[in-house]
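Examining the three-dimensional arrangement
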Amino acid sequence: MANQFSSSVDFGLRLSRRIYYGQGSAPVPAMSRSPEEYLPTAPMCYAVISDPDTVDNPDIRSYQPYVHGKCDPPALIPLQLLGVTMEVDCSLDTAFVTVNARWRVHCVLGSSTCDCRLAIPMGEQGSLLGVEVDNFGRSYHTELISRNDENDKEKVAKAKDGYFLKSQIYIIDIPQFSGGSIFSIKIKWSQEILFNEGQFSLNIPFSFPSYVNPIGIKSPKKERILLKVNSGAAREVSCNTSSHPLKVLMRQAGKLSLSYEAEVQAWSSIDFSLSYIVSLTDIVGGVLLQSPFLRDFDEREIFCLYLYPGKSQDRKVFRKNVVFIVDISGSMKGSPLESTKNALIASLSHLNAQDTFNIIAFNGEFYSFSGLMEPATVEKLLSATKWVEATFIANGGTNILNPLTQAMKLFQNSTASDSIPLIFLVTDGTVENERQICNFVKSCPTNGQPVRTPRLCTLGIGLYCNHYFLQMLAQLGRGHYDAAYDLDSISFRMQRLFRTASSVIVSDITLGGLGLDSVEILAKRHMDLVTSQAWLLESAELVEKVSKMSIQHKLPSEYTCMVLVENSDGKKAPEPMLIKRAYSKLSRQRLERDSQKLFLGGMSLGFGDLKATANNVSPAIKEAKPSEGLLEKATSTCCGRFADNCCGMCLLQTCRFANDQCTIVCTQLCAALACFELINCCIELCDCDCL
């Protein structure tokens, strides 16, 4: 899908050469030859061009030669960016990003319209929170609705108006923008702030390509960034490095406000990056409290406990006893297993001589490097590397319980109080007995020594594994969870998970005196935790709770769907196309009602795919599957059912590729059928998305 997107942008840039900007105007920027450079590296808007003859300057008609044919798939012409402002709020380990931008449809005739494709690249673990569109005559905003809403249940299941182009690039198609119009888009998302060796780092996609700079417009271009940092600790916050020159607006204990504002000749060509530190020597912690909202369905108060490790060199160093459990089933063949293997070998190299380790590879069976924990000596590590190279061959099914049971047995005789037992489970699959595995981990005895109980850390690869099972497993095992949705990120995330879990600062923390029945944390983490519990307990009440939390906090969840809703404040809906005018009144009302909502898909992870795991299908990633060409789709989907359904619209969509005379005949036929309410029958019977 990413390659198709890049090809469409390449085609669109070539089409844009038809546009005449007037005498003395700058030429169209030179195009890159690398398809990867056409993928968005900042929030972008594109004109979706199906009819190339509509491409022209809306102000100065150039009367270019007529272009025969249609663009299938449509060409994408990057729109001109007229202004951009970005606001970033950093709280603990999460950044909330808001981008406001104004765009101009500079490439379509003033008498024509086009759809616009919005591309939203997000940073580390990005999650889209909302979109607002103001087109000065019609506007849209996003809402979250329950997936169990009976009115929209079928449309939610087929939601496809939004999708992931790649793991962190989300796409939304928005209809009906007039040539020459100027519109604004406000985008909100959250992303993770990385923490490593006492330093916080943030990177936000903000690199605009040269071809979005307006041509022939001499008005100044203003670029603005506002940044707020709230560390949660009453200590000084210091900025180490930044990609853009930032000015300090406010500095208080634990808080910092910075800004950047400039008139520029060209928009930012680099991502916005920032690193900062919180000045601490010793371990410092705090508790954040939040009262429930007015008329909140959950009246309990919420708290978040956090700790900063500080820079003290006198802290106790825990020895590590580590067991790696790695999936080598047939679905891991190729890149997934190679990346996992490389990350495992790199993690082994970070063990100290006083640490111990073991490795268990599993598919339908399991294979151990050793029958007991081995010291991390140079000789043993070399031997383990050779064993990994020889054993890690992808084949067979997936059985998680047996290797996990074996790993637990390796720690039964551990008595050292200065060591931390760790288990790292890496898998790309789903198994039928996941709840049994959770109950097994929950029931593991502690022998009165909690520190000897292994901390279970999990890494899920792709979308076929049940990420909520892995989250629950990590929660029950007092460990960490991470996910590699993009296959290129497997090695990085596995090594980061190992570093995070191995860097133990304190152990055996207990909470007392709070008077709480359960330990719950804020917003997104809270919602993920309850979702995992809802899955484990198969609780309809918890499902309903997650759905309400999602809608209340405006955060996507497994049980809600984000929709882009056209505001109903007196603004006119787009004029129906010619064939729609032939429908009956009932059909026309239905079509207009449907056009007011765009159902955005791809935001939920699901709960794994047993069939894909059983068939050893390679890990799926957060990327939409390439769509079929319209002719192939019409032929395969419609014509196969033509004799049963006699779908006039499908016939029209298919036959219009033949010639103009055929289209005229079919249009007349469909108009006649509409008089007898048969088009309405087609709408009810046909599920081929031909409308």
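Residues numbered from 1 in each chain as written. Predicted model: local features only at pLDDT ≥ 70, side-chain atom pairs only at ≥ 80, totals over all residues. Heavy atoms only, no water.

Section: unusual backbone geometry
Threshold: Helix and strand labels come from DSSP, where a helix needs a run of H or I of at least four residues and a strand needs a run of E of at least two; each type is numbered from the N terminus.
Of the consecutive residues Asp72 and Pro73, the connecting peptide bond is found in the cis state with omega at 5°. Positionally, Pro73 belongs in the loop between β1 (44–49) and β2 (75–78). Despite not being glycine, Asn616 has its phi angle at roughly 55°, a positive value. You can see Asn616 is positioned in the loop between α13 (610–614) and α14 (630–638).

A short note on the sheet that holds strand β17 (residues 272–278)
What counts, and what does not: Strands qualify as paired when DSSP identifies two bridges or more between them. Between the N-to-C directions of two axes lies an angle of 0 to 180 degrees, each axis being a line fitted to C-alpha atoms and, for a helix, fitted only over the stretch in contact.
Strand order across the open sheet formed by four strands is β11-β12-β17-β14, with antiparallel pairing between neighbours. Edge strands, defined here as strands with exactly one partner in the open sheet, are β11 (194–196) and β14 (237–242). Strand-to-strand, the axes of this sheet are offset by a mean angle of 25°, without reference to chain direction. Sheet analysis places strand β12 (residues 199–204) next to β17, joined by five bridges and oriented antiparallel. Each residue of the ladder has a partner; that of Ile204, found in β17, is Phe272.

What to know about the packing of aromatic side chains
Note the following rule: Aromatic rings from Phe, Tyr and Trp, taking only the six-membered ring of Trp, are treated as a pair when their centres fall within 6.5 Å; an angle between ring planes under 30 degrees marks them as stacked, one over 60 as edge-to-face, and anything in between as tilted. Only protein chains enter the accessibility calculation, which uses a 1.4 Å probe; a residue is then buried when its area is under 20% of its type maximum, exposed when over 50%, and partly exposed in between.
Inspection of every chain in the model, using the stated rule, returns 15 aromatic pairs. Here the aromatic rings of Phe164 and Tyr170 are separated by 5.0 Å at their centres, their planes lie at 75°, and the arrangement is edge-to-face. Of the two residues, Phe164 and Tyr170, both sit in the buried class. The rings of Phe357, Phe369, Trp387 and Phe392 are connected pair by pair, giving a single aromatic cluster.

Section: the nonpolar core
Selection rule: Grouping buried Ala, Val, Leu, Ile, Met, Phe, Trp, Tyr and Cys residues that are joined through side-chain atoms within 4.5 Å yields what is termed a nonpolar core. We call two residues in contact when some of their heavy atoms are within 4.5 Å.
Ranked by internal contacts, the top residues of the largest apolar core, which has 94 residues, are Leu128, Val131 and Ile172. When near neighbours in sequence (up to four residues on either side) are disregarded, Ile172 contacts Cys116, Arg117, Leu118, Ile120, Leu128, Val131, Asp161, Gly162, Leu564 and Leu600. With 35 residues, the next largest nonpolar core counts Ile328, Leu351, Ala376 and Val388 among its residues.

Structural notes on helix α3 (residues 335–348)
One turn of the α-helix equals 3.6 residues, which is why residues spaced by three or four share an orientation. Filter applied, for reference: Here the expected span of a helix is defined as 1.5 Å times the quantity of residues minus one.
Taking 1.5 Å per residue as the helical rise, α3 with its 14 residues ought to reach 20 Å, and the 20 Å between its terminal C-alpha atoms agrees with that figure. The buried fraction of α3 amounts to ten of the 14 residues, a majority that puts the element mostly inside the structure. Along α3, the residues classified as buried are Pro336, Leu337, Ser339, Thr340, Lys341, Ala343, Leu344, Ala346, Ser347 and Leu348. At its buried positions, α3 is contacted by β20 (319–327), β21 (356–362), α4 (378–391), β24 (419–427), β25 (455–461) and α8 (490–502).

Points about the confidence of the model for the protein chain
Using the following cut-off: Scored from 0 to 100, pLDDT reflects the predictor's confidence in each residue.
On average, residues of the protein chain score 80 in pLDDT, and 75% of them are at 70 or above. The low-confidence segment residues 515–520 (pLDDT under 50) makes ten contacts with residues lying over four places distant or belonging to another chain. Overall, residues 570–595 carries pLDDT values under 50, and its contacts beyond four positions in sequence, including any with other chains, amount to 35 contacts.

A few points about the pairing of strand β13 (residues 221–230)
Taken together, the eight bridges between strand β3 (residues 80–91) and β13 define a ladder with parallel strand orientation. Looking at the pairing, Met86 lines up with Ile225 of β13. With ten bridges joining them, β13 and strand β16 (residues 255–264) adopt antiparallel strand pairing. By the bridge assignment for β16, Lys221 is matched with Val264.

Points about the packing of helix α5 (residues 401–410) against helix α6 (residues 434–443)
Quick note on the threshold: Angles are sorted into four bins: roughly parallel if under 35 degrees, roughly antiparallel if over 145, roughly perpendicular if 65 to 115, and oblique for all others. Throughout, the ten residues Ala, Val, Leu, Ile, Met, Phe, Trp, Tyr, Cys and Pro are labelled nonpolar, Asp, Glu, Lys and Arg are labelled charged, and all others, Gly among them, are labelled polar.
Remark: α5 packs on α6, axes separated minimally by 11 Å, with the N-to-C direction vectors making an angle of 10°. Judged by the inter-axis angle, α5 sits roughly parallel to α6. Here Leu401, Leu404, Thr405 and Met408 of α5 lie close against α6, whose contacting residues are Gln436, Ile437, Phe440 and Val441. Here the residues of the contact of α5 with α6 sort into six nonpolar, two polar and no charged.

Examining the environment of Gln533
For Gln533, the position within the fold is in helix α9 (residues 523–537). It is 9.2 Å that separates the C-alpha atoms of Gln533 and Phe469, two residues lying 64 residues apart in sequence. Ignoring sequence-local partners within four residues, the contact set of Gln533 consists of Met472, Gln475, Glu538 and Leu542.

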